[in-house]
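Each chain, letter by letter, is given below.
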Amino acid sequence: MTGLAQVRAEVESVYRRESRRILATLIRLLGDFDLAEEAMHDAFFIAVERWQRDGIPDNPRAWLVSTGRFKAIDALRRRARFDRSQADLSMLLDGQGQDPSDEELLADDRLRLIFTCCHPALSADAQVPLTLRAVCDLTTEQIARAFLQSPTTIAQRIVRAKAKIRDAGIPYQVPALSELPERLESVLRVIYLVFNEGYSASSGESLLQQELSDEAIRLARLLVQLLPDAEANGLLALMLLQASRQQARTDAQGNLVLLEQQDRSLWDRQRIDEGCELVRQALQSRAFGAYTVQAAIAAVHAEAATAEETDWVEIVGLYDVLQRHWPSAVVELNRAVALAKRDGPQVGLREVEGILARGDLLDYHLAHAARAELHYQLGQVEEARAAWRQALALTRQAPERRHIEQRLKVIE
């Protein structure tokens, strides 16, 4: 017998580490998103009782996959009077020879799931929300905030996409090499969104969810092996370079440490070296895109021994390329911050004010935070205080809230 508290702690730990992989595998085995999600939750519920009685298994993930699959088969047997359930049950029983713990199959289940969610038969506005829900376990509310949409709208897109996959029989597989390029843009975007949620969580008490960022890097490596592509290399480089700073981004109390204040001895030189080499390879191909240019900017930061040695001239030039070829308001904001470093806060503030004046990024807390900091550097305390308060009202992440509150205390 194992103690209840120990079992619950282990179940919670396995859920945090493995639930998305378990769900991905169950979707492959069961062929249905909703059935797989129900089966997974049943398996975790059963684990609390069985592991207390029988002990924690050597391979918890395989145990949960197997238990979830059998629970799904039992549920379909009970509903077998319906024609579709009979067909589903027949399919599952026919496939019982597969070992659900086969590590070769398990290795890239999440990549299979991403390609399924990004199938061209699905609408573009449904692909990413579905993937973030299924692969990353983001809530509908978190996804809605990321897309500046209502939770109801996002929920409807996800439901329709799941039904389309089921009813159209969209295969759960990594596509053939000839089909990869047309699917690549959506897949790269999804992997980077997964990384971003891990690198800087959209809400909650912690800045980092390292399991998500590590998983995104793992998926990108799998993708690069599948499809040698400059922009896939560029994305992997960008994530490695950003992740290299993870240990320096918060202090011992979990408070945010800005780039210029970070202890650069904590940066991961191995990831920096690999990321910089991938950037060089991608740039030499001349077939790169926005991720590669962003990676080049991250490389300039990574190669500076101190914040004062950062080459802001080169960074502004790279942002100019990014804004010219892949324009967005966020890129424009980042360019404005770089301009302030190169040419002074007045120049940067003028650019930020222009973005907000035309109605862009009004709900983006970092735009108001940048505006506040530039006002403060110019000695415009009242304007800085007002902008910090706007930023605080829009921030849902505890470390960022504490940082802004600290800035307000300094001003007051």
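Residues numbered from 1 in each chain as written. Predicted model: local features only at pLDDT ≥ 70, side-chain atom pairs only at ≥ 80, totals over all residues. Heavy atoms only, no water.

- Going by an unreviewed UniProt entry, the chain carries the name RNA polymerase sigma factor and comes from Pseudomonas fortuita.

## Let's talk about the overall build of the chain
For step 1, the next point in the chain: The helix and strand tally for the chain stands at 20 helices and zero strands.
For step 2, the next point in the chain: Counting only residues that meet the buried cut, the chain has 50% of its 412 residues in that class.
For step 3, the next point in the chain: Within the chain, residue pairs in contact and separated by at least 24 positions form 64% of the contacts whose partners lie at least 6 positions apart.
For step 4, the next point in the chain: Here the chain displays about 19600 Å² of accessible surface, and carbon together with sulfur accounts for 49% of that area. (Helix = DSSP H or I, 4+ residues; strand = E, 2+ residues; numbered from the N terminus. Buried < 20%, exposed > 50% of the residue type's maximum accessible area, 1.4 Å probe, protein only. Contact = heavy atoms within 4.5 Å. Areas by Shrake-Rupley, 256 points an atom, 1.4 Å probe, with all protein chains shown as cover.)

## Topic: the nonpolar core
For step 1, the next point in the chain: Within the largest apolar cluster, 99 residues are counted, with the highest numbers of intra-cluster contacts made by Leu113, Ile191, Met239 and Leu241.
For step 2, the next point in the chain: Setting aside chain neighbours within four positions, we find Leu241 in contact with Ile272, Gly275, Cys276, Val279, Ala295, Ala298, Ala299 and Ala302.
For step 3, the next point in the chain: Leu333, Ala340, Leu361 and Ala370 belong to the second-largest nonpolar core, a separate cluster that totals 12 residues. (Core = buried A, V, L, I, M, F, W, Y, C linked by side-chain atoms within 4.5 Å.)

## Examining the pattern of salt bridges
For step 1, the next point in the chain: The final tally for this structure, using the stated rule, is 20 salt bridges.
For step 2, the next point in the chain: Across the pair Arg221 and Glu274 runs a salt bridge, and its minimum N-O distance is 2.6 Å. Highlighted residues: Arg221 in helix H11 (residues 210-226) and Glu274 in helix H13 (residues 269-285), separated in sequence by 53 residues.
For step 3, the next point in the chain: Residue classification places Glu274 among the partly exposed residues on the basis of a relative accessible area of 29%.
For step 4, the next point in the chain: Taking the shortest distance from any N to any O, the salt bridge between Arg280 and Glu277 comes out at 3.3 Å. Taken as a pair, Arg280 and Glu277 lie in helix H13 at a separation of three residues, close to a single helical turn.
For step 5, the next point in the chain: The exposure class assigned to Glu277 is partly exposed, which follows from its relative accessible area of 34%.
For step 6, the next point in the chain: Salt bridges here are not isolated pairs; linked through shared partners, they connect Asp34, Glu37, Arg133 and Lys162. (Salt bridge = Lys/Arg side-chain N within 4 Å of Asp/Glu carboxyl O.)

## A word on the packing of aromatic side chains
For step 1, the next point in the chain: In the structure shown here, the tally under the stated rule is four aromatic pairs.
For step 2, the next point in the chain: When the ring of Tyr15 is compared with that of Phe44, the centres are 5.1 Å apart and the planes differ by 70 degrees; the resulting orientation is edge-to-face. Taken together, the residues Tyr15 in helix H1 (residues 4-30) and Phe44 in helix H2 (residues 33-54) connect sequence positions 29 residues apart.
For step 3, the next point in the chain: Aromatic side chains Tyr192 and Tyr291 sit 5.6 Å apart centroid to centroid with 75 degrees between the ring planes, which places their arrangement in the edge-to-face category. (Phe/Tyr/Trp six-rings, centres within 6.5 Å; stacked < 30°, edge-to-face > 60°.)

## Side note on the packing of H2 against helix H3 (residues 60-78)
For step 1, the next point in the chain: At a minimum axis separation of 8 Å, H2 and H3 run at an interaxial angle of 120 degrees. The interaxial crossing formed by H2 with H3 has right-handed handedness. On H3, the residues that touch Leu35, Ala39, Asp42, Ala43, Phe44, Ile46, Ala47, Arg50 and Trp51 of H2 are Pro60, Trp63, Leu64, Thr67, Gly68, Lys71, Ala72 and Leu76.
For step 2, the next point in the chain: When grouped by side-chain class, the residues that make up the contact of H2 with H3 number 12 nonpolar, two polar and three charged. (Axes fitted to C-alpha atoms, helices over the stretch in contact; angles between N-to-C directions. Left-handed = near helix turned anticlockwise from the far one by under 90°. Nonpolar A, V, L, I, M, F, W, Y, C, P; charged D, E, K, R; others polar.)

## Quick notes on the state of the cysteines
For step 1, the next point in the chain: By the definition in use, this model includes zero disulfides.
For step 2, the next point in the chain: Lacking any disulfide linkage, Cys118 is separated from the closest cysteine sulfur, that of Cys117, by 6.5 Å.
For step 3, the next point in the chain: The class of Cys118 is buried, set by a relative accessible area of 2%. (Disulfide = S-S within 2.5 Å.)

## What to know about helix H17 (residues 345-357)
For step 1, the next point in the chain: Counted at 1.5 Å a residue, the expected span for H17 with its 13 residues is 18 Å, and the 18 Å between its end C-alpha atoms agrees.
For step 2, the next point in the chain: Considered for burial, the residues of H17 that qualify are Gly348, Leu349, Val352, Ile355 and Leu356. The arc that holds the buried residues of H17, viewed along the axis, is 120 degrees, so those residues lie on one side. With respect to the buried face of H17, the exposed residues turned more than 90 degrees away are Arg350 and Ala357.
For step 3, the next point in the chain: For H17, the secondary structure elements touched by its buried residues are helix H16 (329-343) and helix H18 (365-377).
For step 4, the next point in the chain: Once H17 finishes, Gly359 follows within two positions and takes phi at roughly 95 degrees, a positive value. (Expected span 1.5 Å × (residues − 1). Arc of directions from axis to C-beta.)

## Overview of unusual backbone geometry
For step 1, the next point in the chain: If you check the backbone angles, Arg286 has positive phi at about 60 degrees while not being a glycine.
For step 2, the next point in the chain: The topology assignment puts Arg286 in the loop between H13 and helix H14 (290-303).

## Topic: the environment of Arg271
For step 1, the next point in the chain: Mapped onto the elements, Arg271 comes out in helix H13.
For step 2, the next point in the chain: Here Arg271 is in contact with Asp214, Ile217, Leu240, Ala243, Ser244 and Gln246, once residues within four sequence places are set aside.

## Remarks on the environment of Gln323
For step 1, the next point in the chain: Inspection of the secondary structure assignment puts Gln323 in helix H15 (residues 312-325).
For step 2, the next point in the chain: Taking relative accessible area as the criterion, Gln323 reaches 21% and is therefore assigned partly exposed.
For step 3, the next point in the chain: For Gln323 and Ala290, which are 33 residues apart along the polypeptide, the C-alpha to C-alpha distance reads 9.4 Å.
For step 4, the next point in the chain: Apart from the residues lying within four places of it in its own chain, the contact partners of Gln323 are Ser328, Val331 and Glu332.
For step 5, the next point in the chain: In terms of polar contacts, Gln323 uses its side chain to reach the backbone amide nitrogen of Ser328, at 3.5 Å. (Polar contact = N/O pair within 3.5 Å; in protein donor to acceptor, adjacent residues only side chain to side chain.)

## Structural notes on a negative patch on the surface
For step 1, the next point in the chain: A cluster of like negative charges, contributed by Asp273, Glu303, Asp311 and Glu314, occupies part of the molecular surface.
For step 2, the next point in the chain: One can find Asp273 in helix H13. (Patch = residues over 30% accessible without salt bridge, like charges linked within 9 Å, V, L, I, M, F, W, Y side chains within 5 Å. Lys, Arg positive; Asp, Glu negative; His and termini not counted. Charge placed at Lys NZ, Arg CZ, Asp CG, Glu CD.)

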